[in-house]
Amino acid sequence: MIDSTTTGNAPPAIRTRGLQMSYGTNRVLRGIDLEIARGEVVVLLGPNGAGKTTTVEILEGFRHPSAGSVEVLGADPADAGHAWRARVGIVLQSWRDHAKWRVRELLEYLGGFYVPYSGAVARPWPIDELLAAVGLADDADTPIGKLSGGRRRRLDVASGLIGRPELLFLDEPTAGFDPQARRDFHDLLASLSDLETTILMTTHDLDEAEKVASRILLLVDGGIIADGSPDTLRRQDFGKAEVRWFDGEQHLVHPTDDPVAFLRGLLTDPEATIEELEVRRNSLEDVYLKAVER
Amino acid sequence: MTENVHNRIAMLRAERGISRRQLAEALGVHYQTIGYLERGEYSPSLQLALQLADYFGVGVEVIFSLRPFPRLGS
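Every residue gets a number counted from 1 within its own chain, in the order that chain's sequence is written. Lettering of chains starts at A and numbering of ligands starts at 1, both following the order in which they are written. Where totals are concerned, whole chains, interfaces and linings use all residues; where local detail is concerned, this predicted model gives features only for residues with pLDDT of at least 70, and gives and counts side-chain atom pairs only at 80 or more. Water and hydrogen atoms were dropped before computing side-chain values, which therefore reflect all heavy atoms in the structure.

Student: I'd love a proper account of the side chain of T174(A), names of residues and values included.
Tutor: Residues and elements named next belong to chain A. Locating T174 in the fold gives a position in the loop between strand 6 (167-171) and helix 7 (179-194). Only 3.3 Å separates the side chain of T174 from the side chain of R182, close enough to count as a polar contact. Here E208 takes part through its side chain, which lies 2.7 Å from a polar atom of the side chain of T174. Should any heavy atoms of two residues lie within 4.5 Å, those residues are counted as being in contact. Those residues in contact with T174 that sit more than four places away from it in its chain are R182, F185 and E208. The way it works is that DSSP assigns letters per residue, a run of H or I at least four long becomes a helix, a run of E at least two long becomes a strand, and they are numbered from the N terminus. The term polar contact refers here to a pair of N or O atoms within 3.5 Å; inside protein, the definition further demands a hydrogen-donor-capable atom paired with an acceptor-capable atom, and it admits residues adjacent in sequence only when both atoms are side-chain atoms.

Laid out in structure tokens, this is it:
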């Protein structure tokens, strides 16, 4: 996955070695080795209880691992200072404070903390630009308590972005988004990635993971069992293909291990009507469910 | 509209207590495809129809028909 030609000599955004975590006798992480280059959009997938949140919280510096080493943006998150924290953005699952504040007031307040850490990167992100980027331009003066669920979530995302982070952690950022808001958010992630922002995101939406991830990590029982681009993971287990077509009278479906051979046969008949031809392969969801069942 | 082929896949599946996913795995199709087949939105290829009959251990004419199946109990 990590190719020295694409990452050059820049140190990775995240590097862990033998990361372990136990709560009492309960081993939650069983030695995680991980390297995430700058600019990658990594989606961490896994069933509930797999260790996703624990992993992310260690990387954020909120938890100390039982064993192993962690380096995030060149520092150990457990004892990194404010200057380091200013380069990291975090969007938690949800927070429901400040109902009476207006959107702009909250962002201005949060942005104030980043002023001392402005340098090569201008911090904080100018409020109006940020509001436009997350699609909240019309809600600058709306009291937070009056925002709809999806708009409230956009504000959560804006709060994580206000300091123009180099590394952004997102915990299920699109929960409660309608399809349009989700698409807008994916566009936002793509533009952040263009700015070399490294993104580590958890989600349960596999369709979303397939769309936004440059790389997917599949965490099961405290270990990484798959690591690769969405396409690589899909190709590991293509399964049977399903060929579907319309023969002028009915829609037909045929499962086959060798769609190429089947299609050769189907298409050589010059008299046959074949319309709406489609070959369907395993989706990432199918691959995920199989991997998790194992 | 296309000619209708009637089928009793859903009935057989319910009677045998087989889930959509189990049937899909046995036939090598996506589980949503079982729904398409049961609703008659898609017809199986001849091979798939024979596989279905084989799976349930009945003749194809027990599952598929050009005429609507009589209601049970009528």
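Now that the structure has been shown, we can carry on.
Student: Give me the lowdown on the interface of chain B and chain A, citing residues and values where you can.
Tutor: On the side of chain A, 15 residues touch chain B, which itself brings 20 residues to the contact. A combined buried area of about 1500 Å² lies between chain B and chain A, and 48% of that area is made up of carbon and sulfur atoms. In this description, buried area is defined as the sum, over both parts, of the accessible area (probe of 1.4 Å) that is lost when the two are combined. Taken as a group, H30(B), Y42(B) and S43(B) account for 33% of the area that chain B buries against chain A, more than any other trio of residues on that side. Only one rule defines a salt bridge in this text: a Lys or Arg side-chain nitrogen within 4 Å of an Asp or Glu carboxyl oxygen. For the interface between chain B and chain A, the tally reads zero salt bridges. Scanning the region where chain B abuts chain A turns up 10 residue pairs in polar contact (both at pLDDT 80 or more). Elements with a contribution of two residues or more to the side of chain B that touches chain A: helix 2 (20-27), helix 3 (31-38), strand 2 (43-44) and helix 4 (46-56) of chain B. The biggest single contributor to the side of chain B that touches chain A is helix 3 of chain B, with four residues. Only Asp, Glu, Lys and Arg are considered charged in this grouping, and only Ala, Val, Leu, Ile, Met, Phe, Trp, Tyr, Cys and Pro are considered nonpolar; every other residue, Gly among them, is considered polar. Split by residue class, the side of chain B that touches chain A holds eight nonpolar, nine polar and three charged. For strand 11 (residues 251-256) of chain A and strand 2 of chain B, the ladder comprises two bridges, and the chain directions are parallel. The residue bridging V253(A) from the neighbouring strand is P44(B), located in strand 2 of chain B. When DSSP finds at least two bridges between two strands, those strands are taken to pair.

Student: Before we move on, can you summarise helix 1 (residues 9-16) of chain B with the specific residues and values?
Tutor: All names here are of chain B. Partly exposed describes any residue whose relative accessible area lies between the buried limit of under 20% and the exposed limit of over 50%, with all areas from a 1.4 Å probe on protein chains only and scaled to the type maximum. For helix 1, every residue scored as buried is listed here: I9, L12 and R13. Burial along helix 1 is one-sided: seen end-on, the buried residues are contained in an arc of 100°. Pointing more than 90 degrees away from the buried face of helix 1 are the exposed residues A14 and E15. Where helix 1 is buried, its residues touch strand 1 (6-7), helix 2, helix 3, helix 4, helix 5 (60-63) and strand 3 (64-65). Just beyond helix 1, the residue with positive phi is G17, at close to 65°. The arc in question is formed by the directions pointing from the helix axis toward the C-beta atoms.

Student: Residues and numbers for the pattern of salt bridges, please.
Tutor: All names here are of chain A. Under the criterion given, the structure shown has 24 salt bridges over all chains. Across the salt bridge formed by R234 and E210, the nearest N and O atoms sit 3.3 Å from each other. Placement of R234 in helix 9 (residues 230-236) and of E210 in helix 8 (residues 206-212) is noted, with a sequence separation of 24 residues between them. Judged by relative accessible area, which is 18%, R234 ranks as buried. Its relative accessible area of 29% is what places E210 among the partly exposed residues. Through salt bridges with shared partners, a single network forms among R38, R87, R123 and E166.

In short, geometric facts, not functional conclusions.
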